[in-house]
Amino acid sequence: MFGIVRPCRHRLGEKLTAQWTAHLCGLCLALRGDHGQLARIVTNYDGLLISVLTEAQADPGGSTGRRTAGPCPLRGMRTASVAHGEGARLAAAVSLVLASAKVRDHVADGDGLLARRPVALAARRVAAGWDRAGARTGSDVGFDTAVLVDAVDRQTGIESLAGPGTPILTVTEPTETATAAAFAHTAVLAGRPRNAAPLAEAGRLFGRLAHLLDAVEDREADAASGAWNPITATGTSLDEARRLADDAVHGIRLALREAEFTDGGLAHRLLVHELPNSVRRAFGTPSCAHGSHPYAPPGAPGAPGGPTPPEPPRRDRRGLLAGCAVWLGLACTCQLCCGTYEDPWTRERKEGCLHNCDCDCDCCDCCECCNCCNCGGEDGCCSGCDCGCDC
């Protein structure tokens, strides 16, 4: 799983959580249905935004809707209503192509096992297969993924020429172009061509934000490994990166006000209210207010003067082959995407997307009632809110 929009269930509320899960499962199942079990590992948080935006604009009863999915281990072998149709398939196509780009980027950087030539060759073949698969699905829904592939190819050349003094927006441009095209095509699928321009602008700024936040979060790790990082390479300060990120968040909010939605509640929550949390998470250290206690009381384990916390029980690591077998099983049941699972090799307990909480306050959920993206007017549900909602 990768992406910058990682909402917490208590912020979404029951209704929006159910909708968000339906789109996540819909993306996962669209990948499996068109491209097989292995493709499900590219299910990602940001990819489902394409499905969310398509449904938000669609007329009820259109080609973009819901279907009942069969039992899944992650749902306790229960059925569920999941997003279905062209929006989910477009999200799958975009996810495949961008995941392919991510794999090739890791191969170029020689990350981990990909530094080994046989593994790198296998990864390149998988990436090439994902490119072709994404192109097929994109063609089926009228979207030419060549714009995404071209952006990926241009990215490599731009990075090779970038250096101190290069504007960082020069480096983020290919990502902006790719996400603008994907966001705009949701308007085509939903039959709302007038939404294409504002959604292209929202997508362009979302691509900029995703690139910036990824660079900020990876800055220290890239410095330690010697990998290329746009912020370091261009000499951009963190203050400037933060300014650009905040401007992008504001621009996305304004762009969405220009689009017409049938039911934009979830899209509004994710792109207007969750993106500021993504920025704070990348530049700071927010903590979740429910179920976490960042400060231990005096005398408690881990607090100054308190006893040393007991070490967690040691768990033996799995070998390479055994870990690969476990990983394959997790991928085939989608647990790597959104479940609770043990790391295939280290056996560490890990949580999937529905448990990834980045809350930094427990203020009122003022926009729980949002059903449109124009909720901030004088008569809107966010008017008079005192917890920072200025949408």
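Residues numbered from 1 in each chain as written. Predicted model: local features only at pLDDT ≥ 70, side-chain atom pairs only at ≥ 80, totals over all residues. Heavy atoms only, no water.

1. Digging into the overall build of the protein chain
The cut-off we apply is this: Under the DSSP-based scheme used, a helix requires at least four consecutive residues in state H or I and a strand at least two consecutive residues in state E, with every element numbered from the N terminus. Burial status follows relative accessibility: with a 1.4 Å probe on protein chains alone, a residue under 20% of its type maximum counts as buried, one over 50% as exposed, and anything between as partly exposed. We call two residues in contact whenever any of their non-hydrogen atoms come within 4.5 Å of each other. Each accessible area is a Shrake-Rupley result for a 1.4 Å probe, and residues are judged covered by the shown protein chains and nothing else.
A tally of helices and strands in the protein chain yields 12 helices and four strands. Burial statistics for the protein chain: of 391 residues in total, 47% are counted as buried. For the protein chain, restricting intrachain contacts to residue pairs at least 6 apart in sequence, the fraction spanning at least 24 positions comes to 68%. Working note: accessible area of the protein chain is about 18,600 Å², and carbon and sulfur atoms make up 54% of it.

2. Thoughts on the packing of helix α9 (residues 238-257) against helix α10 (residues 265-283)
What counts is decided by this rule: Lines fitted to C-alpha atoms define the axes here, with helix axes fitted over just the stretch in contact, and angles between the N-to-C directions of these axes take values from 0 to 180 degrees. Reported orientations rely on four angle classes, namely roughly parallel under 35 degrees, roughly antiparallel over 145, roughly perpendicular from 65 to 115, and oblique for the rest. Three classes are used, and their members are as follows: Ala, Val, Leu, Ile, Met, Phe, Trp, Tyr, Cys and Pro are nonpolar, Asp, Glu, Lys and Arg are charged, and the others, Gly among them, are polar.
It is the contact of α9 with α10, at a shortest axis distance of 10 Å, that shows an interaxial angle of 175°. As the angle between them shows, α9 and α10 are arranged roughly antiparallel. Between α9 and α10, the contacting residues are L238, A241, R242, A245, D246, V249, I252, R253 and L256 on the first element and L271, V272, L275, P276, V279, R280 and F283 on the second. Taken together, the residues of the contact of α9 with α10 break down into 12 nonpolar, no polar and four charged.

3. Some thoughts on helix α6 (residues 168-189)
Note the following rule: Every helix has an expected span of 1.5 Å times one less than the residues it contains. Bend, in this description, refers to the angle at a residue between axes fitted to the seven residues ending there and the seven starting there.
The end-to-end C-alpha distance of α6, which contains 22 residues, comes to 33 Å, matching closely the 32 Å that a straight helix rising 1.5 Å per residue would cover. The sharpest bend along α6 reaches about 35° and sits at P174. Trailing α6 by a residue or two, G191 shows a phi angle of about 75°, which is positive.

4. Here's the deal with the nonpolar core
Soluble globular proteins: nonpolar side chains tend toward being buried together. Put simply, the test is: We call a set of buried residues a nonpolar core when its members are Ala, Val, Leu, Ile, Met, Phe, Trp, Tyr or Cys and they connect through side-chain atoms within 4.5 Å of each other.
Judged by nonpolar contacts, the single largest core of 67 residues is most densely connected at F206, L209, L270, L271 and L275. Counting residues per element, this core draws most heavily on helix α7 (residues 196-225), which supplies 10 residues. Contacts of L275, omitting those with residues within four sequence positions, involve I4, V5, F206, L209, V249, I252 and L270.

5. Regarding the packing of α6 against α7
What counts here: Two helices cross in a left-handed way if the nearer one is turned anticlockwise from the farther one by less than a right angle. They cross in a right-handed way if the turn is clockwise.
Running from N to C, α6 and α7 point in directions that differ by 140°, and their axes come no closer than 6 Å. Judged on the interaxial angle alone, α7 and α6 are oblique. The way α6 lies across α7 gives a crossing that is right-handed. Packed against α6, whose contacting residues are I168, L169, V171, T172, T175, E176, T179, A180, F183, A184, T186 and A187, the element α7 presents A196, L199, A200, A202, G203, R204, F206, G207, R208, H211 and L212 at the interface. Tallied by class, residues from the contact of α6 with α7 come to 13 nonpolar, seven polar and three charged.

6. A look at the environment of R219
On the secondary structure map, R219 appears in helix α7. In this structure R219 comes out as partly exposed when scored by relative accessible area, which is 29%. For the pair R219 and T232, spaced 13 residues apart in the sequence, the C-alpha separation amounts to 7.3 Å.

7. Structural notes on a negative patch on the surface
The following threshold applies: Here a patch means residues that are over 30% exposed by relative accessible area and free of salt bridges, tied together within 9 Å if like-charged and within 5 Å if nonpolar (Val, Leu, Ile, Met, Phe, Trp, Tyr). One speaks of a salt bridge when a side-chain nitrogen belonging to Lys or Arg is within 4 Å of a carboxyl oxygen belonging to Asp or Glu. Positive: Lys, Arg. Negative: Asp, Glu. His and the chain ends are not part of the count. Here the site of a charge means atom NZ of a Lys, CZ of an Arg, CG of an Asp or CD of a Glu.
Negative charge collects at one region of the surface, where D105, D109, D214 and E217 lie side by side. Within the fold, D109 resides in helix α3 (residues 86-109). Look at D109 and you get partly exposed, because its relative accessible area is 34%.

8. Remarks on the pattern of salt bridges
By the definition in use, this model includes 15 salt bridges. For R243, the salt bridge goes to E240, with nearest N and O atoms at 2.8 Å. Note that R243 and E240 are positioned in helix α9 at a spacing of three residues, about one turn of the helix. Judged by relative accessible area, E240 falls into the partly exposed class, the value being 30%. Each of E176, E201, R204 and R208 takes part in a single network of salt bridges with overlapping partners.

9. Some details on the side chain of T186
To be explicit about the condition: Distance and chemistry together define a polar contact, namely a pair of N or O atoms within 3.5 Å, with one atom able to donate a hydrogen and the other to accept it when in protein, and with adjacent residues in sequence counting only for side-chain atoms on both sides.
For T186, the position within the fold is in helix α6. A polar contact is formed between the side chain of T186 and the side chain of Q57, at a distance of 3.0 Å. For T186, the contacting residues outside a window of four places in its chain are I50, L53, T54, Q57, L90 and L199.

10. Looking at the confidence of the model for the protein chain
As a reminder, the rule being used: A score from 0 to 100, pLDDT tells how confident the predictor is in each residue.
Taken over all residues, the pLDDT of the protein chain has a mean of 79, while the share at 70 or more is 73%. For the protein chain, per-element mean pLDDT is lowest for helix α12 (residues 335-338), which scores 54, and highest for α9, which scores 97. Scored below 50 in pLDDT, residues 353-358 shows 25 contacts in the model against residues more than four places distant or in partner chains. Overall, residues 360-390 carries pLDDT values under 50, and its contacts beyond four positions in sequence, including any with other chains, amount to 66 contacts.

11. Some words on helix α5 (residues 146-161)
For clarity, the threshold we go by: By arc we mean the arc of the directions from the helix axis to the C-beta atoms, nothing more.
Compared with the 22 Å implied by 1.5 Å per residue over 16 residues, the 23 Å span of α5 between its first and last C-alpha is a close match. Within α5, the full set of buried residues consists of L148, A151, V152, Q155 and I158. Around the axis of α5, the buried residues are gathered within 130° of arc, so they sit on the same side. Facing away from the buried side of α5, by more than 90 degrees, are the exposed residues T156, S160 and L161. Where α5 is buried, its residues contact α3, α6 and α7.

12. Observations concerning the environment of R66
The residue R66 is located in strand β1 (residues 65-72) in this model. For the pair R66 and S81, spaced 15 residues apart in sequence, the C-alpha to C-alpha distance is 6.1 Å. The residues contacting R66, other than those within four sequence positions of it, are Q19, A22, H23, E55, S81, V82, A83 and H84. Within polar-contact distance, the side chain of R66 engages the side chain of E55 at 2.8 Å.

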